[in-house]
Amino acid sequence: MKLIIAIIQPEELPQIKEELIKRKIYKFTVTNAKGQGKEIPVQEVYRGLSHEVTLLNKVRLEIALNDDFVNDAIEAITKVAQKDGDKGRGKIFILPIEECIRIRSGERGSEAIG
Amino acid sequence: MDGIAKADSALFTINNVWMLVSTILVFIMHLGFASLEVGLTRAKNTVNILFKNVSILAIGILTYSICGFNLMYPGNFAFGEYFGFGGWGISTPEGSAGLIDYFNGQYTYFTDFIFQAMFAATAATIVSGAVAERIKLSSFLIFSTIYVAFIYPIAGSWKWGEGWLDSKGFYDFAGSTLVHSVGGWAALIGAYILGPRIGKYGNKGIIPIMGHSMPLASIGVFLLWFGWYGFNGGSVLSADPGNISLVFVTTTLGAAAGVLGAMTLSWYLSKKPDLSMVLNGSLAGLVGITAGADVISPMNSVIVGYIAGLLVVASVLFFDRLRIDDPVGAISVHLVCGIWGTLAVGIFSAEHSLITQFIGVSSYAVFCIISSFILFLSIDKLLGLRVSEDEELTGLDLGEHDMEAYSGFQIFTVE
């Protein structure tokens, strides 16, 4: 069992979601996030003063999966996010999961994740 | 009842109704002020700002009934033509005849009072925006109470109460100076004595502190513009069709030209058109045309408004250079454009002299600067003017009120 945490650009979320579902990955959690990467800081103007914004809007995507789905998930995310090669495309982190419990039934392990 | 009497009575009723409609329009301007101030400041100070705005309105109206009205319209002056007091409270004129006779049969005593009372609170509300996000609530309320109860009406009596500036021929139709500059001077002194918000002027130069809701700021400006038809339209003091329609036209053209003026300069200076500046621009045009809305021709009102729009943008940047932190641009809108509008009467109206207008502007400057300084400094000494650094960082909502404005909403931390 693995936990994928991916930081992606907000506008890519709908397409990534579609790609995940195509690969039979139906369960994930999405959070709005602010993040700083290697991309060029954005200039914003407010009341005649321009200022640099480095913490930009991101989406944090969390997917818990059984091991044989991990590559599919990576592919779904990278396929969309790699499209243009510029900086700030995001990152994928993969962590082992110690235990997973489905609250409704009390099932544990890979049964509970699927 | 013969024909003429019938016509007169109909006219009296219409005048009176129009003045009361104007009163309602000026009332809604307070919601405009509140929305604009909330929109251009951070989410963590929202409760505090709304609290200030609603309490100033209440305090302004109450003090006006206790002493303000009779200080502003004393009837007879006690000291030169500088100060007079017509007695505490507002009194009921005798019977319906007394009500009708009150002002050449144009409107009743009560109408006069409530229209003027709605104005009075505006002067204090102007200060609120400039000192926002760092002033202690109690200290602010004490300042506003004294300012609106005594300073505003005494200053107002010089012109509208038929005092010495009125005798000199000074002209201020609906209050570019009497309301907007009087509030604006206090805003300037308040912002100066308080100092800037933490983080505004750092080592890396001037760092803008973004307001949290452009939609609210825009709603505020639309409401202010809407209410201004009562502010200026009601200042005709009758439902005289010719005058009211002229005032509506000059007021509207002034506001529209103000938008264009601010758009031109902010687009040119920052390379991108800045909504918050354009919003200020419409108010700048409105404040600018307020002094001469009934004596400046429609085409000249466009010039007055356009220049006000340019001025407000230049002035916002100028006060930032001076490191006087004004979160909503109140000093630029109300003080700078109030002065401009008052002087514009001397430029664009043949019957009024620029020198007299200048004397008026300077007299109000001296009186308001001195009284605001004394008030703010003594409150600072006695009670403290500014919240603690911790409280300012956490926000005045939790600090002053133990309350959140957006409980249940997710608010992002911004840089």
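Small disclaimer: the values here were computed from a predicted structure and weren't measured.

Moving on: the overall build of chain B. Scanning chain B from N- to C-terminus turns up 15 helices and two strands. What you see for chain B is a C-alpha radius of gyration of 21 Å, in line with the 22 Å of a compact globule of 415 residues. Over its C-alpha atoms, taken along the principal directions, chain B stretches across nearly 75 × 45 × 45 Å. By residue count, 54% of the 415 residues in chain B fall in the buried class. Put simply, of all contacts in chain B between residues at least 6 apart along the chain, 78% involve residues at least 24 apart.

Right, let's talk about the overall build of chain A for a bit. The helix and strand inventory of chain A stands at three helices and six strands. For chain A, the succession of helices and strands along the chain, N to C, is β-α-β-β-β-β-α-β-α. On C-alpha atoms alone, chain A measures out to a radius of gyration of 17 Å, which is more than a quarter above the 13 Å that the 2.2 N^0.38 rule sets for 114 residues. Put simply, chain A has 114 residues, and 16% of those count as buried.

Residue and element names in this part refer to chain B. Mapped onto the elements, Ala284 comes out in helix H10 (residues 275-290). For Ala284, a count of 38 C-beta atoms within 10 Å gives the class buried. Sequence separation between Ala284 and Gly341 is 57 residues, and the spatial gap between their C-alpha atoms is 9.3 Å. Residues in contact with Ala284, not counting those within four places in the same chain, are Gly258, Ala262, Ala308, Gly309, Leu311, Val312, Val333 and Cys337.

This brings us to the nonpolar core. Among the nonpolar cores identified, the biggest contains 121 residues, and B:Ala187 and B:Val312 are the most heavily contacted of them. Here the element with the most residues in this core is helix H4 (residues 109-130) of chain B; it accounts for 12 residues. With sequence-adjacent residues up to four places away left out, B:Val312 is seen in contact with B:Ala262, B:Asn280, B:Gly281, B:Ala284, B:Gly329, B:Ser332, B:Val333, B:Val336 and B:Cys337. One finds A:Ile8, A:Phe69, A:Ala73 and A:Ile113 within the second-largest nonpolar core, a separate group that totals 15 residues.

A few words on the packing of helix H1 (residues 13-22) of chain A against helix H2 (residues 70-81) of chain A. Between two packed helices, the angle of one axis relative to the other and the distance separating the axes together describe the packing. Residue and element names in this part refer to chain A. One can describe the packing of H1 onto H2 by two numbers: an axis separation of 9 Å at closest approach and a directional angle of 150 degrees. Looking at the two axes, H1 sits roughly antiparallel to H2. Note on packing geometry: the crossing formed by H1 with H2 is right-handed. Here H1 contributes Gln15, Ile16, Glu19 and Leu20 to the contact with H2, which in turn contributes Ala73, Ala76, Ile77, Lys79 and Val80. By residue class, the composition of the contact of H1 with H2 is six nonpolar, one polar and two charged.

Residues and elements named next belong to chain B. At their nearest, the axes of H10 and helix H12 (residues 330-348) sit 7 Å apart, and the two run at 35 degrees to each other. Of the two possible hands of crossing, H10 and H12 adopt the one that is right-handed. Packed against H10, whose contacting residues are Asn280, Leu283, Ala284, Val287, Gly288, Ile289 and Thr290, the element H12 presents Ser332, Val333, His334, Cys337, Gly338, Trp340, Gly341 and Ala344 at the interface.

One non-glycine residue, A:Arg47, lies in positive phi territory at about 50 degrees. Here A:Arg47 is to be found in the loop between strand S3 (42-46) and strand S4 (49-53). Looking at A:Arg47, the number of C-beta atoms within 10 Å reads 25, which means it is buried. Its identity is not glycine, yet B:Leu237 carries a phi of approximately 65 degrees, on the positive side. With respect to the helices, strands and loops of the structure, B:Leu237 is situated in the loop between helix H8 (214-233) and helix H9 (241-270).

It is worth spelling out the sheet that holds strand S5 (residues 56-65) of chain A at this point. All names here are of chain A. In space, the four strands of this open sheet follow the order S2-S5-S1-S6, with antiparallel pairing throughout. Both outer strands of the open sheet, strand S2 (29-35) and strand S6 (91-96), are each paired with one neighbouring strand and no more. The sheet shows a mean angle of 25 degrees between the axes of neighbouring strands, direction not considered. Where S2 and S5 come together, seven bridges link them in antiparallel fashion. The residue bridging Asn32 from the neighbouring strand is Val59, located in S5. Contacts between H2 and the sheet are confined to strand S1 (2-8), S5 and S6, with S1 contributing the most and set at about 5 degrees to the helix.

Note: S1(A) against S5(A), seven bridges, orientation antiparallel. Counted as the bridge partner of A:Lys2 is A:Leu65 from S5(A).

Take the interface of chain B and chain A next. In this assembly, 17 residues from chain B lie in contact with 10 residues from chain A. Every element with two or more residues in the side of chain B that touches chain A is listed here: H9, H10 and helix H11 (298-321) of chain B. Sorting elements by how many residues they give to the side of chain B that touches chain A places H11(B) first, with four residues. Residues that form the side of chain B that touches chain A fall into these classes: 10 nonpolar, three polar and four charged.

Another aspect to go through is H12(B). Residues and elements named next belong to chain B. The first and last C-alpha atoms of H12 sit 25 Å apart over 19 residues, in line with the 27 Å expected at 1.5 Å per residue. The largest bend along H12 measures about 30 degrees and falls at Cys337. Within H12, 17 of the 19 residues are buried, leaving the element largely enclosed by the surrounding structure.

We now examine the environment of A:Ile16. Residues and elements named next belong to chain A. The residue Ile16 is located in helix H1 in this model. In the structure, Ile16 is positioned 63 residues away from Lys79 in sequence and 8.2 Å away in space, judged by C-alpha atoms. The residues contacting Ile16, other than those within four sequence positions of it, are Ile8, Ala76, Ile77 and Val80.

Of the residues in chain A, 100% have a pLDDT of 70 or more, and the chain-wide mean is 91. Least confident of the elements in chain A is S4(A), whose mean pLDDT is 84; most confident is S6(A), at 96.

How each quantity is defined
- Residues numbered from 1 in each chain as written.
- Chains lettered and ligands numbered in written order.
- Predicted model: local features only at pLDDT ≥ 70, side-chain atom pairs only at ≥ 80, totals over all residues.
- Helix = DSSP H or I, 4+ residues; strand = E, 2+ residues; numbered from the N terminus.
- Rg over C-alpha atoms; globule rule 2.2 N^0.38 Å.
- Buried ≥ 20, exposed ≤ 12 C-beta atoms within 10 Å, placed from the backbone.
- Contact = placed C-beta atoms within 7 Å.
- Core = buried A, V, L, I, M, F, W, Y, C linked by C-beta atoms within 7 Å.
- Axes fitted to C-alpha atoms, helices over the stretch in contact; angles between N-to-C directions.
- Parallel < 35°, antiparallel > 145°, perpendicular 65-115°, else oblique.
- Left-handed = near helix turned anticlockwise from the far one by under 90°.
- Nonpolar A, V, L, I, M, F, W, Y, C, P; charged D, E, K, R; others polar.
- Pairing = 2+ DSSP bridges.
- Expected span 1.5 Å × (residues − 1).
- Bend = angle between axes of the 7 residues up to and from the residue.
- pLDDT = per-residue confidence, 0-100.

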